[in-house]
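Structure at a glance
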Amino acid sequence: MRIAVIGGTGLIGSKVVTKLKAGGHEAMPHAKSTGVDVVTGEGLEKALTGADVVVDLTNSPTFDEAAPDFFRQSMGHLLDAGQKAAVRHFVVLSIVGVDQVPELDYYRAKTLQEEILAAGPIPYSIVRATQFMEFIGSVMSWTADSDTVRLPTTPIQPIAAQEVADSVTEVAVGAPLLGIHNIAGPEVFPLDELGRITLAAGPDSRTVTTDDTAGMFAAVHGDVLTAKDDATLAPTRYADWLAAR
């Protein structure tokens, strides 16, 4: 198959391209650095010409109120170019529970992306993943100083980026789901506990203070960001991922 991977140079995109090529497919990575701009539409028509499948792994440059416009513009351009190119399958990566956190601008924006895709002209699949293990350090940095990291008790079910890429690849080479496939890591942690585990593996002399008002995930209610019964659980445990870094 000939597969255009938009955002194909990023954390997940580069792994998807490698996995597709290993499976014998023609994977074409596209990004701003290769002359493709999803916001303006520049380079998209050429990038999608001849593609059987489009995998959209692009992301908004911010998590604030500008994020909905990014996804509205990017999806409009991608769907238009994909329809002109007679693309048969459009895949996006989203977030488990994304439609359950309307308090967050970015989550509302990703929900909008899903809605635009589902209403569009191309058969589609949505892969929803829980939070990447690779991003836990960044999440901690949002509410940290030199001595303390403040984190809420929000339940998190981290998954390794490689296993996200594996799932996106499997969906991309299959028939369109016309729906959502959920994937998650094998363990659930309160975010503050996950922070303590991360610091201990450092080693890092900072301490974690539980603060249910701290950071973006403070807006999350209950366990909506964890997997439900229909999810596929990846095998890598967080402690094993930390040990292998």
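For the structure itself, consult the block above.
Residues numbered from 1 in each chain as written. Predicted model: local features only at pLDDT ≥ 70, side-chain atom pairs only at ≥ 80, totals over all residues. Heavy atoms only, no water.

Turning to the nonpolar core, a few remarks are in order. Formed by 51 residues in total, the largest nonpolar core has its most connected members in Phe90, Tyr107 and Phe217. Ranked by residues supplied to this core, first place goes to helix H3 (residues 67-84) with seven residues. Beyond its immediate sequence surroundings of up to four residues, Tyr107 is in contact with Ile95, Val98, Val101, Gln131, Met216, Phe217 and Leu225. Counting residues in hydrophobic clusters, the runner-up holds 24 residues, among them Val16, Val55, Ile159 and Val171. (Core = buried A, V, L, I, M, F, W, Y, C linked by side-chain atoms within 4.5 Å. Buried < 20%, exposed > 50% of the residue type's maximum accessible area, 1.4 Å probe, protein only. Helix = DSSP H or I, 4+ residues; strand = E, 2+ residues; numbered from the N terminus. Contact = heavy atoms within 4.5 Å.)

Bringing the packing of aromatic side chains into the picture now. Across all of its chains, the model carries nine aromatic pairs by this definition. An angle of 15° between the planes, with centres 6.3 Å apart, marks the rings of Trp142 and Phe217 as stacked. One end of the pair, Trp142, is in the loop between helix H5 (136-141) and strand E6 (148-151); the other, Phe217, is in the loop between strand E10 (207-210) and strand E11 (232-233), with 75 residues separating them in the sequence. Aromatic side chains Tyr238 and Trp241 sit 5.7 Å apart centroid to centroid with 15° between the ring planes, which places their arrangement in the stacked category. Pair noted here: Tyr238 and Trp241 are both in helix H8 (residues 238-244), with a separation of three residues, about one helical turn. With relative accessibility at 15%, the residue Trp241 sits in the buried group. Connected via pairs of aromatic rings, a cluster forms that spans Phe63, Phe70, Phe71, Tyr106, Tyr107, Trp142 and Phe217. (Phe/Tyr/Trp six-rings, centres within 6.5 Å; stacked < 30°, edge-to-face > 60°.)

It is worth spelling out the layout of surface pockets at this point. In this structure, the largest pocket spans a volume of roughly 830 Å³. Elements supplying a minimum of two residues to the lining of the largest pocket: helix H1 (11-22), strand E4 (89-95), helix H4 (105-118) and H5. Residue composition of the lining of the largest pocket, by class: 22 nonpolar, eleven polar and four charged. (1 Å grid on protein atoms, 1.4 Å probe; cavity = no way out; pocket = protein on both sides within 12 Å on 5 of 7 lines; lining within 4 Å. Points joined across faces, edges and corners; volume = space filled by probe spheres on them. Nonpolar A, V, L, I, M, F, W, Y, C, P; charged D, E, K, R; others polar.)

A water-sized probe, rolled over the atoms, reveals where empty space remains. Tallied over the full model, the rule gives one cavity of 30 Å³ or more. Around the largest cavity sit Val139, Trp142, Thr143, Arg150, Leu151, Pro152, Leu191, Ala214, Gly215, Met216 and Phe217, which together line it. Residues that form the lining of the largest cavity fall into these classes: eight nonpolar, two polar and one charged.

Quick look at unusual backbone geometry now. Residue Pro203 is reached from Gly202 by a cis peptide bond, and omega for that bond is -10°. Relative to the helices and strands, Pro203 is located in the loop between helix H7 (191-200) and E10. Look at Ala86: it is not a glycine, yet its phi comes out positive at around 60°. Examined against the element boundaries, Ala86 turns out to sit in the loop between H3 and E4. A positive phi is found at Leu178, a non-glycine position, where the angle reads about 55°. For Leu178, the position within the fold is in the loop between helix H6 (161-172) and strand E8 (180-184).

So, about the environment of Asp204. Of note, Asp204 is situated in the loop between H7 and E10. Judged by relative accessible area, Asp204 falls into the partly exposed class, the value being 29%. With 57 residues separating them in the primary sequence, Asp204 and Asp147 have C-alpha atoms 9.7 Å apart. Separated by 2.9 Å, the side chain of Asp204 and the backbone nitrogen of Arg206 make a polar contact. (Polar contact = N/O pair within 3.5 Å; in protein donor to acceptor, adjacent residues only side chain to side chain.)

Note on placement: Thr226 falls in the loop between E10 and E11. Beyond its immediate stretch of four places on either side in the chain, Thr226 contacts Val96, Pro155, Ile156, Gln157 and Val188.

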